[in-house]
Amino acid sequence: QFAPSRSRLRCHRVLRLPAQNRGPMLHTIRLAALSGWQGVETGFDRLFGPGANPLRHLGALGFLLFWLVAASGIYLYAVLDTSVAGAYQSIEHLSRDQWYFGGIIRSLHRYASDGFLLVMVLHLVRELLHGRLHGFRWFTWVSGVPLLWLSVGAGVVGFWIVWDRLAQFSAIASMEWLDALRLFAEPLTRNFLTPGAVNDRFFSLLVFLHIGLPLLVLLGLWIHIQRISRPDTQPVPPLALGTLAALIALSVAAPVQSLPAADLATAPTELQLDWFYLAPNVLIYLWSPASLWWLAAGVTVVLVTLPWMPRERRQPAAVVDPANCNGCERCVADCPYAAITMQPRFDGRAGARLAVVDPALCASCGICAGACPSSTPFRSIAELVSGIDMPQLPIGQLRSRLKIQVARLRGKAKVVVFGCDHAADVRPLQAPDTAVASLLCAGQLPPSFVEYALREGAGGVLVTGCRECDCAFRLGDVWTEQRLRGEREPHLRRTISSRQLRVVWAGRDSARIERELAQFREHLEQGQIGIQARAEGSGCA
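What you are looking at is a predicted structure, and each value in this text was computed from that prediction instead of being measured.

So, how was this worked out
Residues numbered from 1 in each chain as written. Predicted model: local features only at pLDDT ≥ 70, side-chain atom pairs only at ≥ 80, totals over all residues. Heavy atoms only, no water. Helix = DSSP H or I, 4+ residues; strand = E, 2+ residues; numbered from the N terminus. Buried < 20%, exposed > 50% of the residue type's maximum accessible area, 1.4 Å probe, protein only. Contact = heavy atoms within 4.5 Å. Areas by Shrake-Rupley, 256 points an atom, 1.4 Å probe, with all protein chains shown as cover. Lys, Arg positive; Asp, Glu negative; His and termini not counted. Charge placed at Lys NZ, Arg CZ, Asp CG, Glu CD. Pairing = 2+ DSSP bridges. Axes fitted to C-alpha atoms, helices over the stretch in contact; angles between N-to-C directions. Parallel < 35°, antiparallel > 145°, perpendicular 65-115°, else oblique. Left-handed = near helix turned anticlockwise from the far one by under 90°. Nonpolar A, V, L, I, M, F, W, Y, C, P; charged D, E, K, R; others polar. Arc of directions from axis to C-beta.

1. With respect to the overall build of the chain
Here is step 1: Across its full length, the chain carries 17 helices and eight strands.
Here is step 2: Considered along the principal axes of its C-alpha atoms, the chain spans approximately 90 × 50 × 50 Å.
Here is step 3: Out of the 541 residues belonging to the chain, those deemed buried represent 50%.
Here is step 4: Here the contacts in the chain between residues at least 6 apart in sequence split such that 74% fall between residues at least 24 apart.
Here is step 5: Working note: accessible area of the chain is about 25700 Å², and carbon and sulfur atoms make up 62% of it.
Here is step 6: In the chain, 52 side chains carry a positive charge and 41 a negative one; their mean positions are 11 Å apart.

2. Examining the sheet that holds strand E5 (residues 415–420)
Here is step 1: Spatial strand order, E6-E5-E7-E8: four strands in an open sheet with parallel pairing. Each edge of the sheet is formed by a strand with only one pairing partner; in this case those strands are strand E6 (434–439) and strand E8 (501–505). Between one strand axis and the next, the sheet turns by 15° as a mean value, whatever way the strands run.
Here is step 2: With four bridges connecting them, E5 and strand E7 (residues 460–465) associate as parallel partners. Following the sheet pairing, Val416 is matched in E7 by Val461.
Here is step 3: Its contacts with the sheet place helix H15 (residues 448–455) against E5, E7 and E8, and it is angled at close to 145° to E7.

3. With respect to the packing of helix H5 (residues 99–130) against helix H9 (residues 237–253)
Here is step 1: With their axes 9 Å apart at the nearest point, H5 and H9 run at an angle of 120° to one another. Taken as axis vectors, H5 and H9 run oblique relative to one another. Note on packing geometry: the crossing formed by H5 with H9 is right-handed. Taken together, the residues of H9 that come into contact with H5 (itself represented by Ile104, Ser107, Leu108, Tyr111 and Ala112) are Leu247, Ile248, Leu250, Ser251 and Val252.
Here is step 2: Of the residues assigned to the contact of H5 with H9, the class counts are eight nonpolar, two polar and no charged.

4. Here we look at helix H10 (residues 279–286)
Here is step 1: For H10, the set of buried residues is Asn281, Val282 and Ile284. Burial along H10 is one-sided: seen end-on, the buried residues are contained in an arc of 150°.
Here is step 2: On the buried face of H10, the contacting elements are helix H7 (165–179) and helix H11 (289–305).

Spelled out as structure tokens, the structure:
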């Protein structure tokens, strides 16, 4: 909101704390953890840049690792002898006699599998810290939970196929864990008591599971992204190539080797565990099989029910005004969550369709309002009504407040700051020469409002929001930059001087916004021509 004065600002800051700052102690803990996580992400930004920062693209990185596992697995399956006597020898031949290729492929398969599970867990933690699991996001969150267990199961079975001492330990421990359920007439561990108990049919089952479970994971990944428009499934080339190069380098420097062949007549004593997948096998003996079942069930129940835990009040969904909707479909193209569809009009107007919002899928981000061509403030009507708008912050209200605030500005360099409710609080920047407006998302800003602010008397406009590639609504920063650079409709007119606009994706870094604003004002006061707007592109698209 606009804050007309310093005294009014204090009231706003007391009475209108951001939603994420209210609530019980759990919210406070989550925000503290999120602050630490974002600090690490910022450090990675300095090393890789936002576009290639692995922590900002965990979903895309997970897809890349999955395909690396699949591609390397196809080759390994082609050379694998699926018999009890030949499985171990075929893997050994691959690792030792063909170390220059087959051995690297095997190591790549292992390390990519470990990375896939690690990235899945980090992705879950990141979304949890950001609180992106409630409301319309529940389906994406819940559909991701089974993927964890399916991936663990596929990885564990993969260890068994090698059939070395580590595979022997894992197989017996896993069977003891299953026996704790008492679902079978005879204990499964009896199948591993004597050297001749394991036969070729068992290995055929392992191969079937090791292929079938990843296929289920792939199906689950497809379901997981169904409610997301333009999902981030392909990392940018620098991130993809860098990840592949790192895995190959690790495979060469530390090649995966098998332990001695499995021998059911003796129990393994010293093992080199893969803690990404085989940690549950160790917990069985540290605790008990029953305790591990309770832990797995408890974690699953908590993860599945988290979306319905107490949370902030949900914001109203976008509303379509049929009289001002011309059926252009820009809101459909820009909605990050496919919450808008086009349907035949019901008011008798021919030749056009009408946008319809599904409230269950709407994120209340306002990106659709920023995309609507009727959201321009230059329309010569007393009450500005957009074709699609947000009830909590209508475009017409934004225009009237902007007009009043710009008229009150005084000073050599008058600046309007458009902020984001999910980034740093821009209201403290309110000053005699600065007007501020906090939007639901930076993507809610129609580019024409930049021109409108300048025509009303502002000397410059600063736009800020979440960090690059970290928009709370996924695409707000990307669409905003493309609109301001004239690459996406509605676009900013090219008549606007680049020195009059600055874009700063600072997230919650208030100090950075203050520095950028001071520098921006200095440039405006000096009247320098040709100062480039800082909207070079985040590389997130």
